[in-house]
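# Results of the structural survey
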Amino acid sequence: MLLKTTVNGRRLQVRIEADTRLIDVLRDSLGLTGTKEGCGEGECGACTVLIDGVPMNSCLVLAAQAGGRSVLTVEGLGSPGEPGVLQRQFVAHGAVQCGFCTPGMLMSATALLARNRNPSEAQIRQALAGNLCRCTGYAAIVAAVAAAARELAGP
Amino acid sequence: MREFKYVGSAFCAPETIARVNGALRFGADLRLPGMLHAQLVLSPHAHARVTGIDPTRALAIPGVAGVYSHHDAPTRRYCRYRILPAQAGCIDDEPLFASTPRFVGDRVAAVVATSRQAARAAAREVDIRYAPLPAVLSPEASLEPDAAAIQPGGNLISTYDLAVGDSAAKDRSGDTPAVITVTEVRTPMLHHAALEPHLCLADCDSSGQITVWSPCQSVYGARTVVADLLGLPYNRVRVVKVPMGGSFGGKQEFILEPVTAFLAMQTGKPVLLVLDREECIRATMVRPEQRSVMRSTTGADGRLGSLDIDTLLSAGAYAGSSPDYAEAMAHKLTRLYRFGHYRHRGRVAYTNGPVGGGMRGWGAPDIATCAEIHLDHVAAALGMDPVELRRRNLVAPGDIDPLTGKSVGDARVRDCLDLGARAFRWSERVGLPPGDGRWRRGVGLACGAHKNGVLSESFPEFSTMTLKMNEDGSLDLNASVHEVGAGTLDTLRTIIAEELDIDPASISAREADTASTPYDFGCFGSRMTYVCGAAALQLAALLRERLVGTAAELLGAGAQGLTVRDGAVWSIDGGGRGLAYADIVQRAHVLYGRDMIVTHTYRGWSNPGSYAVQFAGVEVDVLTGLVRVTDVLAAIDIGRAINRQRVEGQCGGAIQAGIGSALCEEVDMDAAGRAGVGGFRNYHMFNAVDMPPVTVLLVEHDGDDGPYGAKSVGEVATVPTAAAIVNAVNRALGTRITTLPLTPERIVAALCDQSAHPRRSAACC
């Protein structure tokens, strides 16, 4: 079947099977390997993408479900050659160690800041509850998201 | 106190940008032309004989290139832990494919196909017949005289019996002991839980040259195992370290490299093998389960007289690193505490269970968990504050570790204890009543030691590196670096930058590649900063000398009157212009035919202790048994933080893992030898909501000879965490739970047991 979808602002048509997962379309068909597979069962959040702004585990979404929708991956953050605010704050706060959970964390945080411009620490942690990290203990990631929120809110 | 320009601070490396924009390619992101995908077929039985393999249905699936089993593989067995060709302590007991699988998850066959989906579908269609054999699942059972042999040679793999001190001593003051205390502690199998699943990519070119791309911790070790198994010269096997999504030890042994290289050789095509999470949990390696019985005598003054430990460790189906791992456990306490007498006996046994392998801390967290729970029992028996008991027994700087005869170095663990206790408000908090309602509060502490390198362990403690300056003043570091995510590349850059006064981001540093980077043993034993960092410092000093010497010639000045600053060479007395590095390199090339390149081999010669003391506060819900960790404070004797941000980051992850091992992480096994745990749905780890606030205090006394005084942190930071949590829970509840993890079930059971045999009041279920 033919999937018609928008990924990172580009309208695309991709051949898929009925049981093709969205994560496989992104990584294999489109070469967008920034989205990672950590568990294949929606527990670790490494595969988080935004579908019409909603964070979802792309390992649990059938590619066909993205038909007619808009998908945002880590490659779609910021602008070409210029990291976005969240990405810069992750770097500045030491929120990136091995980097495997990072794309998923960025996507969950992006969705949070779009719906809540001034999240509390508890709200940030709750928004990241579905994103596991084994390297950082989460503190630097939470601080980075809070700093990004402050920067986006402006002076 | 010396002022540093780069040491201590963070900076942004190009690879960090690549991690936040999704551009960095990890192993599973690599694509080669004609690449095939592999899927392993794993034994569903804990012990069985394969009586037949029929690949017919699998081969009929479109896209399947081949099905392989023990019929096709070399019969030679290997040791997944081997790095050196003639390494002592390596037992070659593992086949590429088992004809007699020895645990649920043992490799029986592999399918290679043009897509991962086809390979997985075909793997289900390989018809394998098994004749089940008796399975032995616990080390106690496997060491019974009539137990079925799991490997030829019997089930007892190794033993040790180490003792130091005066065996007649009951306590150091010569009095009879005030208390004799016995504790048994059990720690379970754990999953390393790196977010990136295990994987390997291998190719075999038309000349028979094998290339392996692996997120490993030693390219030279992988090469040894692969080349020896396939019967190839070492220079016909190239191993390349690819970016790694975490290891924590789980990728340090050569689990997938041999089979992937074999499949590439068979097919003549690139083969990518990526495991799913269930396979990672059950079929790679686990931190081995162990139980230790500790018996100590302590004087009324709190000084430890003797400590006698008996450890039994389960290696699982293959010996792997378990013999060395178990013995490593015996070497972690004599560098932490002063004992009148210390004896440690250990046994390592085969079982038909998942294969044990090294996990972050390499035995130190395991034995510290046991010892620190035990010491809280000793303190209780003496009626002494647990912090005070530690204070009376911790080593001091310059103490000799009696087991090795070597100095513990500038051991600042007592400073960590005092600083941490004060900042945590220990005296005040330990005196507070836990409460007698539904929620009970408690605090706990634990101490831990680790090391800095592998000196004196029959491993090559050296590193060779090359540093080259380009005509524009940028640098290329050529070293066998294995970045696990902790920031090794950045550490080496910072050290070099400080010596040469250049921007650390201007240093290009690749990772290890046996074809081009000089020999280094690998990222183990906390040797990266202490040994490889020291190598980089000496290397940079040599390049600095070359630059300054060349500048002296160019300027017609004496080298002793010159210094480096801001990427240029200057006259110390301030006169004249600076000569930029780029200028020096360009003119040296043309005028002197001289290249700005240095190669250096650094040999490690010391191995001091790194130390951590951690304090934890908990709140336990006696109705459900759930534990909330309210706060953790870690005081670390680190010598010098090369990158403070990364040090704190490492502590965060280390503590997350330690808390998990105390409260909720466990790879279980049922009566058929199958792990019930198969994913993060039931292997529970602390997430962002669970994690408490963590305070990290660094003791930077700069008293050892690491680069800029630095010592290791990544492993030591996870050593005492579990015990601190367990001690806090037991203090909150008045219980003596000594089997980890302290799950809600175990806590509620202990509380019910307590109320059946009351020593103090407790809410019952």
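The next subject is the sheet that holds strand β2 (residues 10–15) of chain A. Residue and element names in this part refer to chain A. In space, the five strands of this open sheet follow the order β2-β1-β5-β3-β4, with mixed pairing throughout. Taken across any chain shown, the strands that pair with only one partner, and hence form the sheet edges, are β2 and β4 (54–57). If you compare each strand with its neighbour and ignore which way they point, the axes differ by 40 degrees on average. Across the sheet, helix α1 (residues 22–29) is in contact with β1 (2–7), β2, β3 (48–51) and β5 (70–72); its angle to β3 comes to roughly 105 degrees. Where helix α3 (residues 102–115) meets the sheet, its contacts fall on β3, β4 and β5, and the angle it forms with β3 comes to roughly 35 degrees.

Time to look at empty space enclosed by the protein. Scanning the entire structure with this criterion turns up eight cavities of 30 Å³ or more. Taken together, the elements giving at least two residues each to the lining of the largest cavity come down to α9 (364–382) and α16 (644–663) of chain B. A total of three residues in the lining of the largest cavity trace back to one element, the largest contributor, which is α16(B). Counted by class, the lining of the largest cavity contains seven nonpolar, five polar and four charged residues. Estimated volume of the second largest cavity: approximately 100 Å³. Taken together, Phe90(A), Val91(A), Gly94(A), Ala95(A), Val96(A), Ala10(B), Phe11(B), Thr16(B), Asp490(B), Asn643(B), Gln645(B) and Arg646(B) form the lining of the second largest cavity. Breaking the lining of the second largest cavity down by element, the ones donating at least two residues are α2 (85–92) of chain A together with α16 of chain B. In terms of residue class, the lining of the second largest cavity is made up of six nonpolar, four polar and two charged.

The subject of this paragraph is the environment of Tyr530(B). Residue and element names in this part refer to chain B. With respect to the helices and strands, the residue tyrosine 530 is situated in helix α14 (residues 528–555). Taking C-alpha positions, tyrosine 530 is 44 Å from alanine 135, a pair spaced 395 residues apart along the chain. The contact partners of tyrosine 530, leaving out residues within four places of it in the chain, are Asn452, Ser606, Pro608, Asp704, Asp705, Gly706, Pro707 and Ala710. Polar contacts involving the side chain of tyrosine 530 include one to the side chain of serine 606, which spans 2.8 Å. Polar contacts involving the side chain of tyrosine 530 include one to the side chain of aspartate 705, which spans 2.5 Å.

Let us look at the layout of surface pockets. Computed from the structure, the second largest pocket encloses a volume of approximately 1000 Å³. Along its surface, the second largest pocket is lined by 42 residues, and Arg21(A), Asp24(A), Glu37(A), Arg116(B) and Gln117(B) are the ones closest to its centre. Elements represented by at least two residues in the lining of the second largest pocket include exactly α1 of chain A together with β1 (36–42), α3 (116–125), β11 (271–274) and α7 (277–283) of chain B. Among the residues forming the lining of the second largest pocket, the class breakdown is 13 nonpolar, nine polar and 20 charged.

Thresholds applied
Residues numbered from 1 in each chain as written. Chains lettered and ligands numbered in written order. Predicted model: local features only at pLDDT ≥ 70, side-chain atom pairs only at ≥ 80, totals over all residues. Heavy atoms only, no water. Pairing = 2+ DSSP bridges. Helix = DSSP H or I, 4+ residues; strand = E, 2+ residues; numbered from the N terminus. Axes fitted to C-alpha atoms, helices over the stretch in contact; angles between N-to-C directions. Contact = heavy atoms within 4.5 Å. 1 Å grid on protein atoms, 1.4 Å probe; cavity = no way out; pocket = protein on both sides within 12 Å on 5 of 7 lines; lining within 4 Å. Points joined across faces, edges and corners; volume = space filled by probe spheres on them. Nonpolar A, V, L, I, M, F, W, Y, C, P; charged D, E, K, R; others polar. Polar contact = N/O pair within 3.5 Å; in protein donor to acceptor, adjacent residues only side chain to side chain.

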